[in-house]
Amino acid sequence: MRMYDIILKKRNGGALTDGEIKYFISECVTGNIPDYQISALLMAIYFRGMNDAETSSLTINMANSGERADLSEISGIKVDKHSAGGVGDKTTLIIAPLAAACGVKVAKMSGRGLGHTGGTIDKLEAIPGFRTSVSKSEFIRNVNSIGVCIAGQTENLAPADKKLYALRDVTATVDNRSLIAASIMSKKLASGSDKILLDVKVGSGAFMKSYEDAKSLAECMIKIGKAAGKNTVAILSDMDAPLGNAIGNISEVYEAVRVLEGKGPQDLTEICIELAANMIYLAEIANNIESGREMAKNTLESGAALEKFYEMVRCQGGYLDEMGSWEKPKYSQYKAELFASESGYISSLLAQECG
Ligand code: URA
């Protein structure tokens with residue numbers, strides 16, 4: 001098999017076979033295909049698309065490109081959550097401790113920024129001392145003892161995605177349904193959780209700009225999850241404007257703490273309650289989403305989720321002055337004040353430009 005022929009076939013609109021996709025992914029991981037050929041295939045996929053069978057084959061081959069995490073030492077139902085990428089999306093920082101405070105086992109592997117969207121790992125690393133690189137045994141120990149750990153994906157978890165993710169980021173090939181679905185679902189399948197909650201963003205700041213495209217991405221990922229035997233649920237959420245009021249790593253951590261203190265912006269608080277409710281329901285801690293919602297709201301109001309957040313930060317070596325006594329500028333590396341040149345109202349914000 002030759003990479004040239006695979007690129008040519010896709011460039012001409014052909015459907016790749018499982019054998020061709022398997023060859024591409026395995027050679028890609030062993031470093032036998034130069035970046036220019038991988039990028040060329042990505043661009044061909046971007047323009048020509050992939051059918052369901054190709055997308056599913058790409059996902060499975062990417063999930064199998066490294067080791068699959070074994071979380072069987074963690075008791076209970078492990079629920080993973082993944083966002084399809086947004087601007088100001090700091091929901092994981094809030095819902096991971098919130099769901100854990102409600103009794104969900106949150107064994108979360110997160111990624112870095114992609115395109116104009118931010119990544120949870122970059123945000124957490126803005127906390128002084130916070131370690132996102134933890135060993136497997138520490139990861140399992142933390143989830144078993146405090147209910148939550150958020151770590152970067154290990155080198156060997158879906159390494160094909162690492163390679164493709166980095167190249168898509170610099171070749172303008174991110175916003176393609178099959179590439180996004182395979183990227184997200186390969187990591188979710190490899191990371192060993194029992195159930196998967198997807199937050200598919202839609203709007204000007206999302207990779208999927210229209211409702212139809214976002215719905216189609218969500219359906220594609222649900223199909224892949226179900227075929228792999230994982231109960232997969234997706235919600236579609238608005239990304240026309242940035243989520244909350246803050247963008248940028250430490251600013252987003254600050255805003256996440258404000259939500260956990262019960263003083264955060266309404267849009268962000270609402271979506272966090274909704275996501276946490278779904279996680280609580282999927283973990284079979286609540287009988288339905290409505291009681292999951294109640295549980296999430298009460299836990300947020302009680303301060304237990306905030307406490308869990310600080311517990312997680314301490315457990316992973318991070319340091320923050322606690323209980324809202326810290327002010328954002330304290331931890332910011334660069335600071336500048338910008339003043340509006342005239343007065344007026346903000347009627348809309350271009351999320352992608354902000355990102
Ligand atoms: N998040 C991912 O992990 N991959 C994508 O391609 C987009 C969002």
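I will try to describe carefully the structure that is included in this document. (Residues numbered from 1 in each chain as written. Predicted model: local features only at pLDDT ≥ 70, side-chain atom pairs only at ≥ 80, totals over all residues. Heavy atoms only, no water.)

## Remarks on the pairing of strand β5 (residues 231-238)
Looking along a regular strand, one sees side chains alternate from face to face of the sheet. Looking at chain direction, strand β4 (residues 195-202) and β5 are connected through eight bridges and run parallel. In the strand pairing of β5, V200 is matched with L236. Running through helix α10 (residues 211-227), the crossover from β4 to the neighbouring parallel element β5 is right-handed. (Pairing = 2+ DSSP bridges. Helix = DSSP H or I, 4+ residues; strand = E, 2+ residues; numbered from the N terminus. Right-handed = clockwise from strand over helix to strand, strands pointing away.)

## Focus: the layout of surface pockets
Volume-wise, the largest pocket comes out at about 530 Å³. Lining the largest pocket are 27 residues, and of these G152, Q153, T154, E155 and K162 sit closest to its centre. Elements represented by at least two residues in the lining of the largest pocket include exactly β2 (106-110), α7 (136-146), β3 (148-152) and α8 (159-171). (1 Å grid on protein atoms, 1.4 Å probe; cavity = no way out; pocket = protein on both sides within 12 Å on 5 of 7 lines; lining within 4 Å. Points joined across faces, edges and corners; volume = space filled by probe spheres on them.)

## A few points about α10
With 17 residues, α10 should cover 24 Å at 1.5 Å per step; its first-to-last C-alpha distance of 24 Å lies within 8% of that length. Considered for burial, the residues of α10 that qualify are A214, L217, A218, C220, M221, I224 and G225. Take α10 and look down its axis: the buried residues cluster within an arc of 160°, on one side only. The exposed residues of α10 that point more than 90 degrees off its buried face are E212, K223, K226 and A227. Elements that come into contact with the buried residues of α10 comprise α4 (52-63), α9 (177-190), β4 and β5. (Expected span 1.5 Å × (residues − 1). Buried < 20%, exposed > 50% of the residue type's maximum accessible area, 1.4 Å probe, protein only. Arc of directions from axis to C-beta. Contact = heavy atoms within 4.5 Å.)

## Overview of the state of the cysteines
By the definition in use, this model includes zero disulfides. Among the cysteines around C102, which has no disulfide bond, C272 carries the closest sulfur, lying 12 Å off. No disulfide involves C354; its sulfur sits 19 Å from that of C272, the nearest cysteine. (Disulfide = S-S within 2.5 Å.)

## Side note on the site of the ligand
Lining the immediate environment of the ligand, one finds H82, S83, A84, L114, Y165, R168, I180, S183, I184 and K187. The side chain of H82 places a nitrogen or oxygen atom 3.0 Å from an oxygen atom of the ligand. A distance of 2.7 Å is found between an oxygen atom of the ligand and a side-chain nitrogen or oxygen belonging to R168. Surface burial for the ligand is 96%, taken as the share of its 240 Å² of free accessible area covered by protein chains. For the ligand, the cavity whose grid points lie within 2 Å of the majority of its atoms is the largest cavity. Elements supplying a minimum of two residues to the shell around the ligand: β1 (79-83), α8 and α9. (Near = heavy atom within 4 Å. Polar contact = N/O pair within 3.5 Å; in protein donor to acceptor, adjacent residues only side chain to side chain. Areas by Shrake-Rupley, 256 points an atom, 1.4 Å probe, with all protein chains shown as cover. Sits in = over half its atoms within 2 Å of the grid points.)

So yeah, pure geometry; function would need other evidence.
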